[in-house]
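Residues per chain, in single letters:
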Amino acid sequence: MPEVKAYWQNYIDGAWTDGGAGRIVVDDPATGENLAEQGLADAGDVNRAVVAARACHETGVLTAMRPVERGRMVQAMGDYLLANIDIIAEVLCREAGKPLWEARLEVEGAARYFEYYGNQAETFEGRSIPLGEGYYDFTSYEPYGVSAQVIPWNYPLEMAARSLAPALATGNACVVKTPELAPLSSAYIAKAAEHAGLPRGAVNILCGLGREAGASLVGHRDVSQIVFIGSVTTGISIASAAARNVVPCVLELGGKSAAIVWPDADLDALVSSVRWGIFFNAGQVCSAMSRLIVHDDVHDEVVERVADMARSISVGPGLDRPDFGANMGAMISAAQRDRAEAMCREAKRQGARPVVGGRKLNQPGYFLEPTIFDGVTPDMNIARDEIFGPVLSVLKFGEDEEAVRIANGTDYGLVGGVFTADVTRAMKTAARLRAGQVFVNEWFAGGVETPFGGYGKSGYGREKGREALWNYVQTKNIAISLQS
Ligand code: NAD
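Per chain, residue numbering runs from 1 following the sequence as it is written. Local features are withheld for residues below a pLDDT of 70 in this predicted model, meaning they are given only at 70 or higher, and side-chain atom pairs are given and counted only at 80 or more; totals for whole chains, interfaces and linings count all residues. Side-chain measures here rest on the full set of heavy atoms in the structure, leaving out hydrogens and waters.

By the naming in an unreviewed UniProt entry, the chain is NAD-dependent aldehyde dehydrogenase, taken from Mesorhizobium australicum. Recorded under Sequence similarities (unreviewed entry), the UniProt text for the chain is reproduced unchanged: "Belongs to the aldehyde dehydrogenase family." UniProt positions are given in the numbering used here, feature names are shortened, and annotations may be inferred rather than shown by experiment.

*Asks:* Just to check I follow, could you spell out the overall build of the chain for this structure?
*Replies:* Secondary structure follows DSSP: runs of H or I at least 4 residues long count as helices, runs of E at least 2 residues long count as strands, and numbering of each begins at the N terminus. Counting its regular elements, the chain contains 15 helices and 23 strands. Expressed along its principal axes, the backbone C-alpha trace of the chain runs to roughly 75 × 60 × 40 Å. Summary of the burial criterion: residues with accessible area below 20% of their type's maximum are buried, those above 50% are exposed, and those between are partly exposed, where the area comes from a 1.4 Å probe applied to protein chains only. Counting across all 484 residues of the chain, residues that qualify as buried make up 58%. Only the protein chains shown count as cover for residues, and the accessible areas themselves come from Shrake-Rupley with a 1.4 Å probe. Put simply, the chain shows about 18,900 Å² of open surface, and 49% of that area lies on carbon and sulfur atoms. Averaging the coordinates of the 45 positive side-chain charges in the chain and doing the same for the 59 negative ones gives two points 4 Å apart. In this tally, Asp and Glu contribute negative charge and Lys and Arg positive charge; neither His nor the terminal groups of the chain are included. To locate a charge, the coordinates of NZ of Lys, CZ of Arg, CG of Asp or CD of Glu are taken.

*Asks:* Explain the domain arrangement of the chain here, please?
*Replies:* Interface size is commonly expressed as the accessible surface area that is lost when the partners come together. Start and end positions for the domains come from either an automated domain assignment or a database one. When the domains of the chain are assigned, the result is domain 1 (7–253 + 460–477) and domain 2 (257–447). Centre-to-centre, using C-alpha coordinates, domain 1 lies 30 Å away from domain 2. With 26 residues of domain 1 in contact, the opposing surface of domain 2 contributes 33 residues. For the pair domain 1 and domain 2, the summed buried area comes to about 2,300 Å², and 64% of that belongs to carbon and sulfur atoms. Considering only the surface of domain 1 that becomes buried against domain 2, Pro29, Trp101 and Trp153 emerge as the three largest contributors, covering 29% of it. Note on definitions: a residue-residue contact is assigned when non-hydrogen atoms from the two residues lie within 4.5 Å. Note on definitions: buried area is the accessible-area loss of two parts on being combined, 1.4 Å probe, summed for both.

*Asks:* What should I look at first to understand the sheet that holds strand S5 (residues 33–39) in this one?
*Replies:* To summarise the sheet geometry, strands pair through backbone hydrogen bonds and adopt either a parallel or an antiparallel arrangement. Spatially, the three strands line up as an open sheet ordered S1-S5-S4, and their pairing is mixed. Two strands lie at the open edges of the sheet, namely strand S1 (7–8) and strand S4 (23–28), each paired on one side alone. Here S1 runs beside S5; their pairing, made up of two bridges, is parallel. Of the residues in S5, the one forming a bridge with Tyr7 is Glu37. What counts as an axis is a line fitted to C-alpha atoms, over the stretch in contact for a helix, and the angles between N-to-C directions run from 0 to 180 degrees. Together, S1, S4 and S5 form the strand contacts of helix H4 (residues 85–96), whose direction differs from that of S4 by roughly 90°. By definition, two strands form a pair when at least two bridges between them are found by DSSP.

*Asks:* Please clarify how the UniProt feature "domain: Aldehyde dehydrogenase" (unreviewed entry) in the chain should be interpreted in this entry.
*Replies:* Under the UniProt annotation, "domain: Aldehyde dehydrogenase" (unreviewed entry) lies at residues 16–478. Helix makes up 40% of residues 16–478 and strand 21%, whereas the separation of the span's terminal C-alpha atoms amounts to 42 Å.

*Asks:* Whenever I open this one, the site of the ligand confuses me. Can you help?
*Replies:* The ligand sits among 28 residues. The nearest are Lys177, Glu180, Ser231, Leu253 and Glu386. In protein, a polar contact means a hydrogen-donor-capable atom and an acceptor-capable atom, both N or O and within 3.5 Å, with residues adjacent in sequence counting only if both atoms are side-chain atoms; elsewhere, any N or O pair within 3.5 Å suffices. Between an oxygen atom of the ligand and a side-chain N or O atom of Trp153, the distance comes to 3.0 Å. At 2.7 Å from an oxygen atom of the ligand is found a side-chain nitrogen or oxygen belonging to Glu386. In the complex, 87% of the free accessible area of the ligand, which totals 850 Å², lies under the protein chains. If even one non-hydrogen atom of a residue comes within 4 Å of a molecule or strand, that residue is called near it.

*Asks:* What's the story with empty space enclosed by the protein in this structure? I'm lost.
*Replies:* Over the atoms, a rolling probe the size of a water molecule traces out where space has been left empty. Cavities and pockets are found on a 1 Å grid laid over the protein atoms alone: a cavity is a set of points where a 1.4 Å probe fits but cannot escape, a pocket is an open set with protein on both sides within 12 Å along at least five of seven lines, and a lining residue has an atom within 4 Å of such a point. Grid points are joined across faces, edges and corners, and a volume is the space filled by probe spheres set on the points. Counted under the stated rule, the structure contains four cavities of 30 Å³ or more. Its volume calculated, the largest cavity comes out at about 100 Å³. Lining the largest cavity are 15 residues, with Arg291, Ala407, Val415, Arg434 and Ala435 sitting closest to its centre. Within the residue set of the lining of the largest cavity, elements represented by two or more residues are strand S13 (257–261) and strand S20 (415–419). A class-by-class count of the residues in the lining of the largest cavity yields seven nonpolar, five polar and three charged. As a volume, the second largest cavity reaches approximately 80 Å³. Lining the second largest cavity are 15 residues, and of these Ala288, Ser290, Glu386, Ile387 and Phe388 sit closest to its centre. Considering only residue class, the lining of the second largest cavity consists of seven nonpolar, five polar and three charged. When residues are sorted by character, Ala, Val, Leu, Ile, Met, Phe, Trp, Tyr, Cys and Pro go into the nonpolar class, Asp, Glu, Lys and Arg into the charged class, and all the rest, Gly among them, into the polar class.

*Asks:* Help me out: how do you make sense of the pattern of salt bridges in this one?
*Replies:* One side chain can pair with another of opposite charge once the charged atoms of both are near each other. When a carboxyl oxygen of Asp or Glu is within 4 Å of a side-chain nitrogen of Lys or Arg, the pair counts as a salt bridge. Tallied over the full model, the rule gives 24 salt bridges. With a shortest N-O distance of 2.3 Å, Asp268 and Arg305 are connected by a salt bridge. With Asp268 in helix H10 (residues 267–279) and Arg305 in helix H11 (residues 296–312), this pair connects stretches of sequence that are 37 residues apart. In this structure, Asp338 and Lys360 form a salt bridge, with 3.8 Å as the shortest nitrogen-oxygen distance. Within this pair, whereas Asp338 is found in helix H12 (residues 334–349), its partner Lys360 is found in the loop between strand S17 (353–356) and strand S18 (371–374), the two being separated by 22 residues in sequence. Since its relative accessible area comes to 32%, Asp338 is described here as partly exposed. The class of Lys360 is partly exposed, set by a relative accessible area of 39%. Via salt bridges that share partners, Arg54, Glu58 and Asp222 belong to a single interconnected network.

*Asks:* Teacher, can you tell me more about the environment of Ser185 here?
*Replies:* Considering the arrangement of structural elements, one finds Ser185 in the loop between strand S9 (173–178) and helix H7 (187–196). You can call Ser185 buried: its relative accessible area is 0%. In this structure the C-alpha to C-alpha distance between Ser185 and Val294, which are 109 residues apart in sequence, comes to 40 Å.

*Asks:* How should the sheet that holds S13 be read in this particular structure?
*Replies:* The strand order S17-S18-S19-S14-S13-S20-S21 describes an open sheet built from seven strands, whose pairing is mixed. The strands lining the two open edges of the sheet, one partner per strand, are S17 and strand S21 (437–440). Geometrically, the sheet is characterised by an average inter-axis angle of 25° between neighbouring strands, direction not taken into account. As defined by bridge partners, S13 adjoins S20 across four bridges and the pair is classed as parallel. Of the residues in S20, the one forming a bridge with Ala259 is Gly417.

Structure (structure tokens):
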């Protein structure tokens, strides 16, 4: 088994430092054993990081740069991640319980954000507004200053890159609060910033408890903008903290996303989409396909085919099977796994029919079987609440109207899917789905370039694509009276 360094520090004001709140033990979810220790930041550490970021912003060093230069630095961070992918993926695999091949995809995904937003840095331009003779008027876009980013454990590296890259590209200094359950690999983002030559204080990476370090970060008076990715409950408390300081906030929260399947759908493509949609990262994906709403005429065939696919997935420790698509890994913690298993038991009590899985594996590590429930009805908890695990609910529909009503029938609205060969039906349905992104015939189609974010309780604001750049800038208008 490869060695993972025993103790990891935080990175504040250009220096590696211990945490004022001591240390936290990080488990390997694939074995349940202790993997390493991480220094835990306290409110004092958070304050030092915010002060460093504010000082970096106020020197003007990031904004004085020609944007192409800043963009090159952002890209260099991605290059660093790719150059070190072997070691970073291994650490990520061990701390998050994901298969090595999935961890490698995550490192590549993180690097891609730095590539994309590094490219965008020099394309962000103001405009002039005609006011008639005697005036000249223009707008420019200025960074907010200090961007605070609170990151979840399911994609610790990729989510940090998703907010950090556009924030830096637009000239903000950043403080990133990494997740307690999987904080280690984020150290490589700090190393990437050092490697890229970013000025001191531009990137601060620290881990701490949500209620302590997280809360003091989002409540800090010198933070000018907040990005939060995580649960609805925490999102509400973060939005409240943002409101108290009157700073903007982007919330990327959970989901209960549905795919609607018509009899004319390409079922091979559908089965592949289900494989990725609900079993990738053991279903711990905010935009997971957790509900499948299937037309009566094709229901039985679809259930049989997705059940066969689920049975064919091998489940086990991430380092064992490095080849692409080989296996499904562990869930992040015993608590998350047990919560998902309890939701499966409750689904049975409420009358859902277990087709595959539903139980934890009888081996060390936090594994849950790939799980499918049929006969789910919209009123059941399993159809409404986010499980954040490898559990698919299958529901039936007869009329199109009913399918849309079921799909839109939860508090969430992150993504949706439509599987049909009929383009008109696909477009009409996509327009009616209450979701920030709709996939037609391929779940997770799109990429770094395509805007992503929620309707309803899935949050507000958009990450990814050019839309995300607007989260990190404010508009200044300069109106000039031309003296004659
Ligand atoms: P969580 O809300 O418990 O924690 C997320 C982060 O917030 C962690 O870093 C945590 O330390 C911090 N935090 C907790 N309490 C805080 C507080 N009071 N103040 C400031 N920070 C605090 O969520 P989680 O369990 O880590 O992640 C799972 C959830 O995140 C799921 O609901 C999932 O859908 C959602 N998620 C959404 C997206 C998205 O892009 N929409 C992506 C990943 C995860």
